[in-house]
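So the chains spell out like this:
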Amino acid sequence: MSTFKAPRGTYDLIPPASAAYLAVRDAIAAPLKRSGYGYVETPGFENVELFARGVGESTDIVTKEMYTLTTKGGDQLALRPEGTASVLRAALEANLHKAGNLPVKLWYSGSYYRYERPQKGRYRHFSQVGAEAIGAEDPALDAELIILAHDAYRSLGLRNFRILLNSLGDAACRPAYRAALQDFLRALDLDEDTRRRIEINPLRVLDDKREAVQKQLVGAPVLGDHLCEECKRYHEQVRELLTAEGVAFEDDPKLVRGLDYYTRTTFEFVHDGLGSQSAVGGGGRYDGLSEMIGGPALPSVGWALGVDRTVLALEAEGIELDLPPATSVFAVPLGEEARKVLFGTVAALRRAGVATDFAYGGKGVKAAMKAANRSGARLAVIAGERDLEEGVVQLKDLESGEQTPVPLDGVVEAVRARLG
Ligand code: AMP
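Since the structure is predicted, the reported quantities are computational estimates derived from the model, not experimental observations.

Engineer: Is there a simple way to think about the domain arrangement of the chain in this case?
Structural biologist: Note on interface size: it is often stated as the accessible area lost on association of the parts. Here the chain is partitioned into domain 1 (17-173 + 227-316) and domain 2 (329-419). Taking only C-alpha atoms into account, the centre of domain 1 sits 48 Å from that of domain 2.

Engineer: Sorry if this is basic, but what is going on with the site of the ligand here?
Structural biologist: The full set close to the ligand counts 14 residues, and Arg114, Glu116, Tyr123, Gln128 and Arg257 are the nearest of them. Contact between the ligand and Tyr123: a nitrogen atom at 2.8 Å from a main-chain N or O atom of the residue. With the chains in place, 92% of the 480 Å² that the ligand exposes on its own is no longer accessible. At the level of elements, β6 (125-134), β10 (279-285) and β11 (300-306) are the ones that each hand at least two residues to the shell around the ligand. Its residues assigned to classes, the shell around the ligand shows 5 nonpolar, 4 polar and 5 charged.

Engineer: Explanation requested: a negative patch on the surface in the structure shown.
Structural biologist: There is a patch of like negative charges on the surface, built from Glu337, Glu385, Glu389 and Glu390. Considering the arrangement of structural elements, one finds Glu390 in the loop between α15 (385-389) and β15 (392-397). On the basis of relative accessibility, which here comes to 56%, the residue Glu390 falls in the exposed class.

Engineer: So what exactly am I meant to see when it comes to the sheet that holds strand β13 (residues 356-358) here?
Structural biologist: Strand pairing within a sheet occurs via backbone hydrogen bonds; the two strands may be parallel or antiparallel. Ordered in space as β13-β12-β14-β15-β16, the 5 strands form an open sheet in which the pairing is mixed. What marks the edges here is a single partner per strand, and that holds for β13 and β16 (403-407). For this sheet, the mean angle separating the axes of adjacent strands, direction not counted, is 25°. As paired strands, strand β12 (residues 329-333) and β13 are joined by 3 bridges and run parallel to one another. When the bridges of β13 are listed, Val329 appears paired with Thr356. Relative to β13, helix α13 (residues 336-351) is tilted by about 160°, and along the sheet it contacts β12, β13, β14 (379-383) and β15.

Engineer: I'm lost on the UniProt feature "binding site: L-histidine" (unreviewed entry) in the chain in this one. Help?
Structural biologist: Cross-referencing UniProt, the feature "binding site: L-histidine" (unreviewed entry) maps to Glu82, Gly83, Thr84, Arg114, Gln128, Glu132, Arg257, Tyr261 and Tyr262 in the present numbering. You can see Gly83 is positioned in the loop between β4 (76-79) and α4 (84-93). Here Gly83 falls in the buried class, since its relative accessible area comes to 3%. In this view, Gly83 contacts Tyr108, Tyr112 and Gln128; residues no more than four positions away in its chain are not counted.

About the thresholds
Residues numbered from 1 in each chain as written. Predicted model: local features only at pLDDT ≥ 70, side-chain atom pairs only at ≥ 80, totals over all residues. Heavy atoms only, no water. Domains from an automatic or database assignment. Near = heavy atom within 4 Å. Polar contact = N/O pair within 3.5 Å; in protein donor to acceptor, adjacent residues only side chain to side chain. Areas by Shrake-Rupley, 256 points an atom, 1.4 Å probe, with all protein chains shown as cover. Helix = DSSP H or I, 4+ residues; strand = E, 2+ residues; numbered from the N terminus. Nonpolar A, V, L, I, M, F, W, Y, C, P; charged D, E, K, R; others polar. Patch = residues over 30% accessible without salt bridge, like charges linked within 9 Å, V, L, I, M, F, W, Y side chains within 5 Å. Salt bridge = Lys/Arg side-chain N within 4 Å of Asp/Glu carboxyl O. Lys, Arg positive; Asp, Glu negative; His and termini not counted. Charge placed at Lys NZ, Arg CZ, Asp CG, Glu CD. Buried < 20%, exposed > 50% of the residue type's maximum accessible area, 1.4 Å probe, protein only. Pairing = 2+ DSSP bridges. Axes fitted to C-alpha atoms, helices over the stretch in contact; angles between N-to-C directions. Contact = heavy atoms within 4.5 Å. UniProt positions renumbered as here; feature names shortened; annotations may be inferred.

Given below as structure tokens:
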């Protein structure tokens, strides 16, 4: 072990386990790529103000969890705690919203940083795949995104997840609800911090996980009862589209989520095998965010799915992904001349798309065969001096032990035929 360890709240992805993370990222991205979403990549850090304004001054993410830094040039930056604000900033900066058809559909994949109290499923560095549809107000878009996340989880084999759905209303109906909720909350017995939250963002008090708070929230006004006709109609259409596609969801009138920018549709994917950190992904509509960060009015909707927690969900359901083997063929040379020849064979196999590895480090035959078996390869290509004189190599099936000579210039075809 070295003197250093991964920082608290972080962990390393190491083979073979790391292969599942790549597969999860690919599986989440696949339905997006088929649905008109283009890949976007933004910097790992941004101006701290982008998150303060975009995510919300009253959120835990901004007040407690951001990794901030001052550069040598005096700029105030933050490691990104989430993806939406950055992606919208990038889309505005590149004028994507002016370039052609709206919505602008983008997907991303990367690392995010929050200074949280670490526990299983909650890390200070974690990984998300996300999608944003910018510049259109259409219930079909909200439904599309929920269906794509649903399909991604299903394609991984997950079954024990649920979709929680709510509407947070809009600028027309939320203010009246907000005032009614504030009146209700101000009469409760709450600590200083929570009292302050009542004044800044009272909806977030509904999200308080403490039992003592939840007990007092019984009977609190519910947003569903205050939605304006337009929001009601919009939400009903989202629900109808999901139902028509056979995507089951649960109405959750208390779902507000931890970010300030959501309007109308909000949703969360929860997995029942994960204990307290049960949210595997979530998102919603954020019609006001663009204006909050200095852009034009661009109603938008998006989600982010947590890769780490999706991997934990797979483990909880006992799902082993059907991953291609890291190595299909392992080459074992016996002697210097064979080394040179097989090195070329390995390159040819790789170019032909066969995952191939080689006995490096001048190993003796016993150690080399051990390495071949450990690699998980199905076949070994073995060659000694006598084989080369005859223009052949030995193709050995590492499961059955059966060994047959094949012509040196026909190795690629023979291997392909065997691997099927
Ligand atoms: P959020 O941006 O908070 O809506 O989070 C979206 C998803 O990212 C969550 O549902 C989690 O799967 C994942 N996530 C958020 N925070 C963390 C964290 N600290 N550690 C691991 N995963 C996280």
